[in-house]
Amino acid sequence: MDKYLLQYKGSKQVMVWIGLLTVVQSIAIVIQAIYLAKAITQLFQGADWSEALRSFVIFVVANSVRHVIQWAKERISYRFADLTAKDYEQQLLKKIFDLGPQVVGKYGSGHLVTLGLEGVPKFRKYVELLIPRTLAMAIVPFVIVGYVFTLDIMSAVTLIIVLPILIIFLILIGLVSKKKIDEQMDTYRLLSRHFVDSLRGIVTLKYLGRSRAHEESIAIVSNKYRIATNRSLRYAFLSSFSLDFFASLSVAVVAVELGLRLINGQILLEPSLAILILAPEFFSPVRELGNDFHATADGKDASLQIHSILEEETVVQPVIVSPIATWNDKSKIELRNVEVKIDEQTIFEGLDLELQGFTKVGVIGHSGAGKSTLIDVLSGFTLPTDGSCVLDGQELPHLAIADWQKQIAYIPQHPTIFPDTVIGNIRFYEPDATLQEVQDAAERVGLDLLIATFPAGYEERIGAGGRVLSGGEEQRIALARSLLQRRQILLFDEPTAHLDIETEHELKQMILPLLEDKLVVFATHRIHWMQEMDTIVVLENGKVVETGSHEQLLQQDGAYCRLLEARGRGHAV
Amino acid sequence: MNLYQQHILPYARKYNKTILSTILLGTLTILSAAMLTFTSGYLISRTSERPETILLVYIPIVAVRTFGISRAALRYVERLLGHNAVLKIIADMRVQLYHVLEPQALFIRSRFQTGDLLGALADDIEHLQDVYIRTLFPTVIGLFLFSFSVIVLAVYDWKFALIMAVLLAIVTFMYPMLSLYMMKKNQLQSKKLHSQLYNTMTEGIFGLRDWIISGRKQQFLASFKEESHASHAIDKKLAYWQQSRTMQLQVFSGLLVLVVGVWAGQQAAAGSLAPTYIAAFTLVTLPILEGLIPVSFAIERLPAYEASLQRIDAIHQQNTAEEPIAMELSRADQVSIVLDNVGYRYEGQKENAVQNISLTIQPGEKVAVLGKSGAGKSTLIQLLLGTVQPTEGQVHVNEQAASLYGDSIFEIMSVLNQKPYLFATTVQNNIKLGDASATFEDVQRVAEQVGLFEYLQSLPEGLKTQMEETGQRFSGGERQRIALARILLKQTPVVILDEPTVGLDPVTEHSLVETLHHSLEDKTVVWITHHLMGMEKMDRIIFMDGGEVIMNGTHKELLATNERYQQLYALDQGI
């Protein structure tokens, strides 16, 4: 059984109800068999059909009761599974939002989306099947075999002996086939990815002049894939084969056994028929369990993954004694001896940094030096594993504080463009902004001309499923957003490196005036920005190695100069 | 229905033998189960008459044992055979899809503005397996069973067979149709809500920071909750319907047992049926019905295939490709390219994407093309490759119109683009895509040229290292180098570089640019770039804006005379 099962809300009641219903259902199954056997025997013995009708009607009623109970069980468990899955889906999403971007980095955005959308229904299926299937397995065969005992000990013993053999066999076959299938999993995965790989690489194949010829290789690989799949299916289907085999073979054995004893007059027709009818019912729970094996295995997997995310430690919010004031020209924030470790990897160690008032701070360094992590620490998305942040004299373990985050505008390399209208995107952070305000912001970042060319203007849909924007246009949207926000602290993380030089030039002209009277932290590879900064912080391997203005650092002939040389500036001039 | 005719039936027809055998085996599987019940019912009744000798029931005993074993064996073979047939069909569908996709490969992006269309198409084909396994097979098996049962009954009593035909038709035809009719809307709605939820979830995860910073986290969670509940609610509706339907059909099955039992009793009383068959006929009803009940579920699924079929159909519809004339050409080592007053306008657009472009590129010349996005750079590449025909003027490659070359243009020109695709195979295989007949030494040579040889040597598997999915194993710069090696191996006289350094950090960018200059020394190079790094080594720099060439000259000339260029160069250098 599942160790989380008892945690699910209402699981105990559901178990009690389903347990009770299963008991009644087993009794109905027995009654159904008794009266069907009786009816047939009556007819066989030459009774008039109207006489047998009474037994038949009881059979029909018992059969109906049995299936209505089945229906009720399914409905109860579906309802329970539905509520549980919905609850866990919400919890999962809330957890992801509580943990922030770090968890996305850790698990991968694609994985989280798949887990939420495909994992949750699988989890639901699993929860739905878990209780009724397990309880049916625990109750139905025993009730049936108990009754068969009263009719014929021999048959009961046959059934009792076969069941554990069947289960042991099932486990053995499961182990062998799993091993066999795992052995060729790598080949299998490679082959199965080949087609999607070919489709995604079709442009490259075209450029290489190989696309026409590749058609043949698709046929060949698909064929190999088919052969490999067949080979593993041969094993995968074995378990259901053995279930079917043992179940129907033992029904046959019981039938022949009964026949032989009927000849000898050791048993009567009516109980024999009842046993014959009950024999398949005896095996039906274990067969269902076997048939649903894959569905439940996937669901259990999803359940474990969901739980492992839910068990991630959430940030312990610090108790803030005094409220954080709006950032002004006297404010000061200090990072003291900050250490950041992500998944055992040390990004920062002993990092000290002081930011004061409305200054413009450039952050530069090789890729991997920790520029983005520094921005993340400042915006409170990454929590230092050691050291502290001192904000206006208040010592804080980290900056994931709503009062602080409220003051920050963040402009990344690839701002998120939501599948929404232009206006919805621009006022994403300030949903209450008026059309006039949005238009003013758009004009200041030079978006107004572009928007004027859209048929629906500000109502034009952009992002996934809508109009696609260029990198420069996306960046302008991000800038327009930050204009509406009117925040005192601006954090930039490599906003222009991927843009063409002209667009970069235009954007620079637009961005520079926005930086006045703000605390600006600007992380980038692009050196031209550094001249506009008051201070430059050079990062190397997670440490601040130099600070100073562009001119000062040029004269120092230190890390900053080395950085410039490494990108070939030396021989270009 | 039309979609099925075009994209499902042809394959079913092609593999009709395997499919038919699968269906026959499927029918036999259920009949085996039925016959196990039938014969054991008979056996028990017959033995209860206490025949003189066991030999009289020898045949039923053997039959019971045989059917006990055959059901499992038949089912096993049926499943293997069915999957084999479907995998064959899938292979064909893949080849077919690729076949129609290949000629339009370069236009897929502009024609279908959806995220990962190609990934979706690959999934669609996987998904369509279910048409066969979950819908076609159970439905036809159900139909066979239905006919079989009615015919066998008709042998005994055609009037009763008629009654049973009507009753069984309720299970085989009425309920499936009813399910389809009642649930179609819900099925489609469920699909729609699922994809909506997918979008919302993606939006939430990718925009996580923004939702948190904007303080709209709660709002997102609330709206997600609402959408997710709607989606769960519709799933629940579907599940409840399936549960209720199964229950109704099972209760109905009980009634049918009664009907058959009473009929058998009457027949026996009338003497037209041996009493030993009463149990057999009565008991066989349930296993037969077990084979008919799944038809409802199979038919109900039909709407779920619609979206996949439509997507595949859309690709087929777009396939206008007449077989391009592949021109016979001698592999030229010297290529000159002439653009004479070229203009191009996309269908349905008001303005030209490029216009008035006149340009001669001499063999061995290195030309850089600069310009903002939308300036017409990509169109220029397409014109050079001849994949689009100019609407004005002419593009000539070695005095022939570029568009006449068809796919053989790629024997002359190679393209290294922003994200060259690397296949999930070894590094060596990826490089050898440039020239399948290349020797190991050739591969080593080009790996050396792109400065990867030593690094690859240091890996335990060397050139046999797996790239993993989309080349993840390697960094951005390394991926570009591998793609470059591929092109070098191809040895085309012209190489078009389409912003290959976007997304690389300056150090990596710088060293890749050095490698590019170095390894492409003796080739004609058209280099579309977003930065000015390495411009000083180019023979000519062209600036495009609004589809026209607005600056044209060497680095030195432009730097000396052109103020705009000076500004941009200063910016790029950071001085």
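All figures in this text were calculated on a predicted structure; none of them were measured in a lab.

Definitions and limits used
- Think of each chain on its own: its residues are numbered from 1, step by step along the sequence as written.
- Here the convention is simple: chains get letters from A, ligands get numbers from 1, in the order in which they are written.
- Given that this is a predicted model, residues contribute local features only at a pLDDT of at least 70 and side-chain atom pairs are listed and counted only at 80 or more, while totals for whole chains, interfaces and linings are drawn from all residues.
- The basis for the side-chain values is all heavy atoms of the structure; hydrogens and waters are excluded.
- Labels follow the DSSP assignment, with helices taken as runs of H or I lasting at least four residues and strands as runs of E lasting at least two, numbered in each case from the N terminus.
- We compute the radius of gyration over the C-alpha atoms and compare it with the globule rule, which gives 2.2 Å times the number of residues raised to the power 0.38.
- Note on classification: 1.4 Å probe, protein chains only; a residue is buried when its accessible area is under 20% of the maximum for its type, exposed when over 50%, partly exposed between these limits.
- Contact between two residues is taken to exist if any of their heavy atoms lie within 4.5 Å; hydrogens are not considered.
- Reported accessibility uses the Shrake-Rupley method at a 1.4 Å probe radius. Residues are deemed covered only where the shown protein chains occlude them.
- Note that His is not counted, nor are the chain ends; the positive residues are Lys and Arg, and the negative ones are Asp and Glu.
- Taken as the charge centre is NZ of Lys, CZ of Arg, CG of Asp or CD of Glu, depending on the residue.
- The quantity reported as buried area is the accessible area (1.4 Å probe) lost by two parts once they are put together, taken as the sum for both.
- One speaks of a salt bridge when a side-chain nitrogen belonging to Lys or Arg is within 4 Å of a carboxyl oxygen belonging to Asp or Glu.
- N or O atoms within 3.5 Å of each other form a polar contact, as long as, within protein, one can give a hydrogen and the other can take it, and as long as residues adjacent in sequence are counted only when both atoms are side-chain atoms.
- In this count, Pro and Cys sit with the nonpolar residues alongside Ala, Val, Leu, Ile, Met, Phe, Trp and Tyr, while Asp, Glu, Lys and Arg are called charged and the others, Gly among them, polar.
- At least two DSSP bridges between two strands are needed for those strands to be called paired.
- For helices, the fitted line uses only the C-alpha atoms of the stretch in contact; every axis is such a line through C-alpha atoms, and the angle between N-to-C directions lies from 0 to 180 degrees.
- Among buried residues, those of type Ala, Val, Leu, Ile, Met, Phe, Trp, Tyr and Cys that are joined through side-chain atoms within 4.5 Å constitute a nonpolar core.
- The crossing is said to be left-handed when, going from far helix to near helix, the turn is anticlockwise and less than a right angle, and right-handed when the turn is clockwise.
- Classification of ring pairs rests on two measures: the distance between centres of Phe, Tyr or Trp rings, Trp counted by its six-membered ring, which must be within 6.5 Å, and the angle between planes, read as stacked under 30 degrees, edge-to-face over 60 and tilted in between.
- Whether a charge sits over a ring depends on NZ of Lys or CZ of Arg being within 6 Å of the ring centre and within 35 degrees of the ring normal.
- Patch criteria: residues need more than 30% relative accessible area and no salt bridge. Like-charged residues are merged within 9 Å; nonpolar side chains of Val, Leu, Ile, Met, Phe, Trp and Tyr are merged within 5 Å.
- What pLDDT reports is the predictor's confidence in each residue, on a scale of 0 through 100.

## Describing the overall build of chain A
Okay, so step 1: Within chain A, the regular secondary structure consists of 21 helices and 12 strands.
Okay, so step 2: Over its C-alpha trace chain A gives a radius of gyration of 35 Å, far above what one expects of a compact globule, namely 25 Å for 573 residues.
Okay, so step 3: Judged by the C-alpha coordinates and their principal axes, chain A covers about 115 × 65 × 55 Å.
Okay, so step 4: Out of the 573 residues belonging to chain A, those deemed buried represent 56%.
Okay, so step 5: The long-range fraction of contacts in chain A, counting pairs at least 24 apart against all pairs at least 6 apart in sequence, stands at 74%.
Okay, so step 6: Of the roughly 24200 Å² that chain A leaves accessible, carbon and sulfur atoms contribute 56%.
Okay, so step 7: Taking the average location of the 55 positive side-chain charges in chain A and that of its 67 negative ones, the two points are 7 Å from each other.

## Examining the interface of chain B and chain A
The parts lose accessible area when they come together, and the size of an interface is often stated as this lost area.
Okay, so step 1: Residue-level contacts link 142 residues of chain B with 142 residues of chain A.
Okay, so step 2: In total, chain B and chain A occlude about 13400 Å² of area from one another, counting both sides; carbon and sulfur atoms represent 67% of this.
Okay, so step 3: If you look at where chain B meets chain A, you find 14 salt bridges.
Okay, so step 4: Measuring nitrogen to oxygen at the nearest pair gives 2.8 Å for the salt bridge that ties Lys217 of chain B to Asp98 of chain A.
Okay, so step 5: Here chain B and chain A share 44 residue pairs in polar contact (both at pLDDT 80 or more) between them.
Okay, so step 6: Examining the composition of the side of chain B that touches chain A, we find that 25 residues originate from one element, helix 10 (residues 217-270) of chain B, more than from any other.
Okay, so step 7: Tallied by class, the residues present in the side of chain B that touches chain A amount to 75 nonpolar, 38 polar and 29 charged.

## Describing unusual backbone geometry
Residue and element names in this part refer to chain A.
Okay, so step 1: Residue Glu494 is not a glycine yet carries a positive backbone phi of 50°.
Okay, so step 2: Secondary-structure assignment places Glu494 in the loop between strand 9 (489-493) and helix 18 (501-514).
Okay, so step 3: Phi at Asn541 is positive, roughly 45°, even though this residue is not glycine.
Okay, so step 4: Note on placement: Asn541 falls in the loop between strand 11 (535-540) and strand 12 (543-548).
Okay, so step 5: Relative accessible area serves as the criterion here: at 72%, Asn541 is assigned to the exposed category.

## What to know about the side chain of His194 of chain A
All names here are of chain A.
Okay, so step 1: Along the chain, His194 falls in helix 6 (residues 185-200).
Okay, so step 2: His194 sits in the buried class, given a relative accessible area of 19%.
Okay, so step 3: The residues touching His194, leaving out its near neighbours within four places in the chain, are His214, Ser217, Ile218 and Val221.

## Describing the sheet that holds strand 3 (residues 360-365) of chain A
All names here are of chain A.
Okay, so step 1: Strand order in the open sheet formed by six strands is 6-9-10-3-11-12, and the pairing between neighbours is mixed. In the strand order of this sheet, the two ends are held by strand 6 (408-411) and strand 12, each with one partner. Each adjacent strand pair in this sheet contributes to an overall mean axis angle of 15°, direction not counted.
Okay, so step 2: Pairing analysis gives four bridges linking strand 6 to strand 9, with the strands arranged parallel. Looking at the pairing, Tyr410 lines up with Leu491 of strand 9.
Okay, so step 3: Relative to the sheet, helix 12 (residues 371-379) contacts strand 3, strand 6, strand 9, strand 10 (519-523) and strand 11, its axis offset from that of strand 9 by approximately 155°.

## Topic: the environment of Ser239 of chain A
All names here are of chain A.
Okay, so step 1: For Ser239, the position within the fold is in helix 9 (residues 238-263).
Okay, so step 2: What makes Ser239 partly exposed here is its relative accessible area of 23%.
Okay, so step 3: Ser239 sits 89 residues away from Asn328 along the chain, and the two C-alpha atoms are 71 Å apart.
Okay, so step 4: If we ignore the near neighbours within four places in the chain, the residues touching Ser239 are Leu170 and Ile173.

## Regarding the sheet that holds strand 7 (residues 494-498) of chain B
Hydrogen bonding along the main chain pairs the strands of a sheet, whether they run parallel or antiparallel.
Residue and element names in this part refer to chain B.
Okay, so step 1: The strand order across the open sheet built from six strands is 6-7-8-3-9-10, with neighbouring strands paired in mixed fashion. Edge positions in the sheet fall to strand 6 (413-416) and strand 10 (548-553), since each of these pairs with one other strand and no more. Direction aside, the axes of adjacent strands within the sheet are offset by 20° on average.
Okay, so step 2: Two elements, strand 7 and strand 8 (residues 524-528), share five bridges in a ladder whose sense is parallel. By the bridge assignment for strand 8, Val495 is matched with Val525.

## Remarks on the nonpolar core
As a rule of thumb, soluble globular proteins bury nonpolar side chains together.
Okay, so step 1: Leu199 and Leu273 of chain A together with Leu121 and Tyr132 of chain B are the most contacted members of the largest nonpolar core, which has 138 residues in total.
Okay, so step 2: Per element, the largest residue contribution to this core is 12 residues, and it comes from helix 4 (residues 58-101) of chain B.
Okay, so step 3: Within the second largest apolar cluster, 78 residues are counted, among which are Leu115, Leu117, Leu378 and Leu396 of chain A.

## Considerations on the packing of helix 6 of chain A against helix 6 (residues 117-127) of chain B
Okay, so step 1: Interaxial distance between helix 6 of chain A and helix 6 of chain B falls to 9 Å at its minimum, and their mutual angle equals 145°. Considering only the axes of helix 6 of chain A and helix 6 of chain B, their crossing is right-handed. Residues Phe195, Val196, Leu199 and Arg200 of chain A of helix 6 of chain A form the contact with helix 6 of chain B, whose own contacting residues are Leu118, Gly119, Leu121, Ala122 and Ile125 of chain B.
Okay, so step 2: Here the contact of helix 6 of chain A with helix 6 of chain B is composed, by residue class, of seven nonpolar, one polar and one charged.

## Some words on the packing of aromatic side chains
For any pair of aromatic rings, geometry is given as the distance between the ring centres together with the angle between the planes.
Okay, so step 1: One pass over the full model with this rule turns up 32 aromatic pairs over all chains.
Okay, so step 2: For the pair Phe428 of chain A and Tyr429 of chain A, a centre-to-centre distance of 5.5 Å together with 90° between the ring planes defines the contact as edge-to-face. Taken individually, Phe428 of chain A and Tyr429 of chain A each receive the classification buried, so the pair is uniform in this respect.
Okay, so step 3: Aromatic rings pair up to connect Phe97, Phe418, Phe428 and Tyr429 of chain A together with Trp211, Phe220 and Phe224 of chain B into one cluster.
Okay, so step 4: Stacked on the ring of Trp529 of chain A, the Lys or Arg Lys508 of chain A has its end atom at 5.7 Å from the ring centre.
Okay, so step 5: Its guanidinium or amino end placed over the ring of Tyr225 of chain A, Arg94 of chain B lies 5.5 Å from that ring's centre, counting from NZ or CZ.

## Some details on the environment of Leu260 of chain A
Okay, so step 1: On the secondary structure map, Leu260 of chain A appears in helix 9.
Okay, so step 2: Relative accessible area serves as the criterion here: at 30%, Leu260 of chain A is assigned to the partly exposed category.
Okay, so step 3: Once you skip the residues sitting within four places of it in the chain, Leu260 of chain A turns out to touch Ile54 and Ile61 of chain B.

## Looking at the pairing of strand 11 of chain A
All names here are of chain A.
Okay, so step 1: When strand 3 meets strand 11, the two strands line up parallel, connected through five bridges. Considered in strand 11, the bridge of Val363 is made with Val537.
Okay, so step 2: When strand 11 meets strand 12, the two strands line up antiparallel, connected through five bridges. The partner of Ile536 across the bridge, within strand 12, is Gly548.

## Re a nonpolar patch on the surface
Residues and elements named next belong to chain A.
Okay, so step 1: Taken together, the side chains of Phe149, Ile153, Val157, Ile160, Ile161, Ile165 and Phe169 define a hydrophobic patch exposed on the protein surface, amounting to about 580 Å² of accessible area.
Okay, so step 2: Looking at which element gives the most residues to the nonpolar patch, the answer is helix 5 (residues 153-183), with six residues.
Okay, so step 3: Along the polypeptide, Ile165 turns up in helix 5.

## Brief notes about the confidence of the model for chain B
Okay, so step 1: Averaged over all residues, the pLDDT of chain B is 89; the fraction at 70 or higher stands at 96%.
Okay, so step 2: As scored by the predictor, the complex reaches a pTM of 0.87 and an ipTM of 0.87.

## Quick word on the environment of Leu459 of chain B
Residue and element names in this part refer to chain B.
Okay, so step 1: For Leu459, the position within the fold is in the loop between helix 17 (453-458) and helix 18 (476-490).
Okay, so step 2: With 301 residues separating them in the primary sequence, Leu459 and Trp158 have C-alpha atoms 78 Å apart.
Okay, so step 3: Excluding residues within four positions of it along the chain, Leu459 makes contact with Thr465, Arg473 and Phe474.

## Concerning the pattern of salt bridges
Okay, so step 1: A full pass over the atoms with the stated rule returns 44 salt bridges over all chains.
Okay, so step 2: The partner of Glu126 of chain B in a salt bridge is Arg94 of chain B, and the shortest N-O contact between them spans 2.8 Å. Placement of Glu126 of chain B in helix 6 and of Arg94 of chain B in helix 4 is noted, with a sequence separation of 32 residues between them.
Okay, so step 3: When salt bridges with common partners are traced through the structure, they connect Lys206 and Arg212 of chain A together with Glu102 and Asp407 of chain B into a single cluster.

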